[in-house]
Amino acid sequence: MAARPMTGSVEHTELSPNISPNLDQSQLRDRADQRPLILGVSGASGLIYAVRALKWLLTAGYAIELVASKAAHMVWQSENQVQMPLEPLTQEAFWRSQAGVPTGGQLICHRFGNVGATIASGSYRTLGMVVMPCSMSTVGKLAAGLSSDLLERAADVQLKEGRPLVLVPRETPWSLIHLRNLTQLAEAGAAIVPAIPAWYHQPQSIEDLVDFVVARALDRLAIDCVPLRRWQGGNETPEDLPG
């Protein structure tokens, strides 16, 4: 059987992230950076990390495709005594309410079992993915190449496509198995950003501590949208210190 001829120009196909090839070159360039960022929310404790990441990303106008695992729904109920909706449109309103960003940016939510969603395919171009917080169960499955739901499939896609995958594990202590799984993922190209805050930025609230971790995770994607007081260097040398 003869192959069907391709329609549209090669230039349009290469430049377009996930949009129609029927746009002119200037429109394609303008929209080249509008590829979405995937935010995965697993069942680890500390869902406030996902909320704060979403707040700053939407405020900055980013397009976000969010998938929360089945365990994340259960943990949210436990930590906040509120049920996270399953229906994508209702869940979008839920996340915007939690983040305090009723408008701005773009947010699409996916059901955790919808393995036919756009983000399950490598041909769907994205900026990469952040899993925040990331459970050790998710880490173990990703390290073994298993994809039992959409979150895991989307993360696996980032690895196979060579796109940024940032994992923010929130677990302590780490067993040898955890360490080996994280090492294997780092060797495969993932960035590991543990949920460990700093204090040099003079945090005044829990949100300040959380935002530090969010900012450092987004740094791995060259995204700078969190109002963080970054380190500017010390003013004293060891000789200046008393004692």
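Above this note sits the structure.
Note that the structure is predicted; figures quoted are calculated from it, not measured.

### Some points on the pattern of salt bridges
Counted under the stated rule, the structure contains 8 salt bridges. A salt bridge links K141 to E152; the shortest N-O distance between them is 3.5 Å. A residue pair is termed long-range when its members are at least 10 positions apart, and K141 in helix α6 (residues 136-143) and E152 in helix α7 (residues 150-161) qualify at 11 residues. Among the salt bridges present, the one from R216 reaches D219, with a minimum N-O distance of 2.6 Å. Of this pair, R216 and D219 are both found in helix α9 (residues 206-219), 3 residues apart, which corresponds to roughly one turn of the helix. Overall, D219 belongs to the partly exposed group, its relative accessible area being 22%. Here the salt bridges do not stand alone but share partners, grouping R216, D219, D224 and R230 into one network.

### Comments concerning the sheet that holds strand β2 (residues 63-68)
Strand order in the open sheet made by the 6 strands is β3-β2-β1-β4-β5-β6, with parallel pairing throughout. Here the strands that pair on one side only, and so sit at the sheet edges, are β3 (106-110) and β6 (191-192).

### Here we look at the packing of aromatic side chains
Taken as a whole and assessed by the stated rule, the structure comprises 5 aromatic pairs. Ring geometry for W76 against F94: centres 5.1 Å apart, planes inclined by 70°, an arrangement best described as edge-to-face. On the criterion of sequence distance, the pair formed by W76 in helix α4 (residues 70-80) and F94 in helix α5 (residues 88-99) is long-range, its members being 18 residues apart. By relative accessible area, W76 is classed as buried at 2%. When the centroid spacing of 5.7 Å and the interplanar angle of 85° are considered together, the rings of Y200 and F212 count as edge-to-face.

### Considering the pairing of strand β4 (residues 128-134)
Within β4, 7 of the 7 residues are buried, which leaves the element mostly enclosed by the surrounding structure. Of the two faces of β4, the one carrying G128, V130, M132 and C134 and the one carrying M129, V131 and P133 are both buried. In the sheet, strand β1 (residues 37-41) pairs with β4 via 4 bridges, with the strands oriented parallel. Of the residues in β4, the one forming a bridge with I38 is M129. With 4 bridges connecting them, β4 and strand β5 (residues 165-169) associate as parallel partners. Paired with V131 across the strands is L167, a residue of β5.

### Re the packing of helix α3 (residues 48-59) against α9
Packed helices, taken two at a time, are described by their axes: the angle between them and the distance between them. Running from N to C, α3 and α9 point in directions that differ by 70°, and their axes come no closer than 9 Å. By the criterion of interaxial angle, the relationship of α3 to α9 is roughly perpendicular. Note that α3 runs across α9; the crossing there is right-handed. Residues I48, Y49, R52, A53, W56 and L57 of α3 touch α9, and the partners they reach there are I206, E207, V210, D211, V213, V214 and L218. By residue class, the composition of the contact of α3 with α9 is 10 nonpolar, no polar and 3 charged.

### Quick word on α5
Think of an α-helix as turning once every 3.6 residues; residues three or four places apart then point the same way. Its 12 residues give α5 an end-to-end C-alpha distance of 16 Å, which sits within 8% of 16 Å, the value for a rise of 1.5 Å per residue. Those residues of α5 lying buried are Q91, F94, W95, R96 and A99. Buried positions along α5 lie against β1, α3, β2, α4 and β3. Where α5 begins, the capping side chain belongs to E87, and its oxygen is found 3.0 Å from the backbone nitrogen of L89. Looking at the residues trailing α5, positive phi occurs at G100, about 75°.

Conventions used here
- Residues numbered from 1 in each chain as written.
- Predicted model: local features only at pLDDT ≥ 70, side-chain atom pairs only at ≥ 80, totals over all residues.
- Heavy atoms only, no water.
- Salt bridge = Lys/Arg side-chain N within 4 Å of Asp/Glu carboxyl O.
- Helix = DSSP H or I, 4+ residues; strand = E, 2+ residues; numbered from the N terminus.
- Buried < 20%, exposed > 50% of the residue type's maximum accessible area, 1.4 Å probe, protein only.
- Pairing = 2+ DSSP bridges.
- Phe/Tyr/Trp six-rings, centres within 6.5 Å; stacked < 30°, edge-to-face > 60°.
- Axes fitted to C-alpha atoms, helices over the stretch in contact; angles between N-to-C directions.
- Parallel < 35°, antiparallel > 145°, perpendicular 65-115°, else oblique.
- Left-handed = near helix turned anticlockwise from the far one by under 90°.
- Contact = heavy atoms within 4.5 Å.
- Nonpolar A, V, L, I, M, F, W, Y, C, P; charged D, E, K, R; others polar.
- Expected span 1.5 Å × (residues − 1).
- Polar contact = N/O pair within 3.5 Å; in protein donor to acceptor, adjacent residues only side chain to side chain.

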